[in-house]
Amino acid sequence: MLRHAATKWRAYVAAPLFPLVMVLLVGAGIAVMGFLLLRANWTVLIAAAVWPLLLLAGLLMAVLLLGVLFGWPLMWPTISSEGTDSFDALSRSYDYLFHRPLHYLFYAAVAIVLGTLGWILVENFAAGVIALTYGAAGLGSGTTRADLIASVGTDLSPVARIGAYVIRFWVGCVKLLAVGFLASYFWTSSTAIYLLLRRNK
């Protein structure tokens, strides 16, 4: 897996950046036309004549940005599944987004619902682990002392404060593992959505 990522990293980076570069180039072209045609009074008539072409350029920018906004989660699963380049990832993600938007929307809605339920479970489980640990430790040290350590209270000695910060660090690691669920679920669900869209051609 690491070897594949090392050989395909350029495609992973280029796939979502290519449409953005195109938007910048088209936008720069429109800006140049605005500089040439809108600054003088008499050239505004020329601008009016070519304005439909500029609107088409604006439409192209809107389509490219829409594709990046909603299609980029499909680009990296495409490269990983097919072993192809960034252009194939672009064409497949834009094709699925614009030719089968209802399928994509349905799969995304299902993934969001399942992900929300999963996050509620993971977050509460992590909170339960932390609360049970503090609660059990408080049985031995006393609830007041445990709460003081958990909040890194000012009444603690310098050494105890250091220990309390280390304890807070480990608690933060548990919370970070719970947050890691969101990233792993996002990429897993994106890959599943891509494979479903590819299967249902």
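Heads up: the structure comes first, above all this text.
Being a predicted model, the structure only gives us computed values, none of them experimental.

Caption draft 1: Quick look at the overall build of the protein. The helix and strand tally for the protein stands at six helices and zero strands. Along the chain direction, N to C, the helices and strands of the protein fall in the order α-α-α-α-α-α. Taking 2.2 N^0.38 as the reference for a compact globule, 201 residues should give roughly 17 Å; the C-alpha atoms of the protein span a radius of gyration of 26 Å, well beyond that estimate. Buried positions account for 26% of the 201 residues belonging to the protein. Summarising the internal contacts of the protein: among those between residues at least 6 apart in sequence, 70% fall at separations of at least 24. For the protein, the exposed area adds up to about 13200 Å²; of that, 76% sits on carbon and sulfur atoms. Side-chain charges of the protein comprise 13 positive and 7 negative groups, with the mean position of each set lying 5 Å from the other.

Caption draft 2: Layout of the pattern of salt bridges. Following the criterion strictly, the structure yields three salt bridges and no others. We note a salt bridge from Arg-92 to Glu-82, for which the minimum N-O separation is 3.9 Å. With Arg-92 in helix H3 (residues 86–99) and Glu-82 in helix H2 (residues 44–82), this pair connects stretches of sequence that are 10 residues apart. Residue classification places Glu-82 among the partly exposed residues on the basis of a relative accessible area of 25%. Here Glu-82 ties to Arg-198 by a salt bridge, and the two come within 2.4 Å at their closest N and O atoms. Of this pair, Glu-82 sits in helix H2 while Arg-198 sits in helix H6 (residues 158–199); the two residues are 116 residues apart in sequence, bridging distant segments of the chain.

Caption draft 3: Quick peek at a nonpolar patch on the surface. Together, Leu-53, Leu-56, Leu-59, Val-63, Leu-66, Leu-69, Phe-70 and Phe-98 line one region of the surface with nonpolar side chains, adding up to about 750 Å² of accessible area. Residue contributions to the nonpolar patch peak at seven residues, all from H2. The residue Leu-56 is located in helix H2 in this model.

Caption draft 4: Examining the side chain of Thr-43 more closely. Along the chain, Thr-43 turns up in the loop between helix H1 (2–37) and H2. Its relative accessible area of 6% is what places Thr-43 among the buried residues. Here the side chain of Thr-43 touches Leu-37 through a polar contact of 2.7 Å, landing on its backbone oxygen. Once residues lying within four places of it in the same chain are set aside, the contact partners of Thr-43 are Leu-36, Leu-37 and Leu-38.

Caption draft 5: The packing of helix H4 (residues 101–141) against H6, seen in detail. Put simply, H4 and H6 touch, their axes get as near as 10 Å, and they point 160° apart. As judged from the angle between their axes, H4 and H6 are roughly antiparallel. Pair H4 / H6 crosses with right-handed handedness. In terms of residue class, the contact of H4 with H6 is built from 21 nonpolar, four polar and one charged.

Caption draft 6: A look at the packing of H2 against H3. Viewed as axis vectors pointing N to C, H2 and H3 meet at an angle of 120°, and their least axial separation amounts to 7 Å. With respect to each other, H2 and H3 are oriented oblique. Handedness of the crossing formed by H2 with H3: right-handed. Facing Val-63, Leu-64, Leu-66, Gly-67, Val-68, Phe-70, Gly-71, Leu-74, Met-75, Thr-78, Ile-79 and Glu-82 of H2, the residues of H3 in contact are Ser-86, Asp-88, Ala-89, Leu-90, Arg-92, Ser-93, Tyr-94, Tyr-96, Leu-97 and Phe-98. Of the residues in the contact of H2 with H3, the class split is 14 nonpolar, five polar and three charged.

Caption draft 7: Seen up close, the packing of aromatic side chains. For the structure on display, the rule yields 12 aromatic pairs. Measuring from ring centre to ring centre gives 5.3 Å for Phe-18 and Phe-87, while their planes differ by 75°; the resulting arrangement is edge-to-face. Separated by 69 residues along the polypeptide, Phe-18 in helix H1 and Phe-87 in helix H3 bring together distant segments of the chain. On the accessibility criterion, Phe-18 (35% relative accessible area) is partly exposed.

Calculation rules
Residues numbered from 1 in each chain as written. Predicted model: local features only at pLDDT ≥ 70, side-chain atom pairs only at ≥ 80, totals over all residues. Heavy atoms only, no water. Helix = DSSP H or I, 4+ residues; strand = E, 2+ residues; numbered from the N terminus. Rg over C-alpha atoms; globule rule 2.2 N^0.38 Å. Buried < 20%, exposed > 50% of the residue type's maximum accessible area, 1.4 Å probe, protein only. Contact = heavy atoms within 4.5 Å. Areas by Shrake-Rupley, 256 points an atom, 1.4 Å probe, with all protein chains shown as cover. Lys, Arg positive; Asp, Glu negative; His and termini not counted. Charge placed at Lys NZ, Arg CZ, Asp CG, Glu CD. Salt bridge = Lys/Arg side-chain N within 4 Å of Asp/Glu carboxyl O. Patch = residues over 30% accessible without salt bridge, like charges linked within 9 Å, V, L, I, M, F, W, Y side chains within 5 Å. Polar contact = N/O pair within 3.5 Å; in protein donor to acceptor, adjacent residues only side chain to side chain. Axes fitted to C-alpha atoms, helices over the stretch in contact; angles between N-to-C directions. Parallel < 35°, antiparallel > 145°, perpendicular 65-115°, else oblique. Left-handed = near helix turned anticlockwise from the far one by under 90°. Nonpolar A, V, L, I, M, F, W, Y, C, P; charged D, E, K, R; others polar. Phe/Tyr/Trp six-rings, centres within 6.5 Å; stacked < 30°, edge-to-face > 60°.

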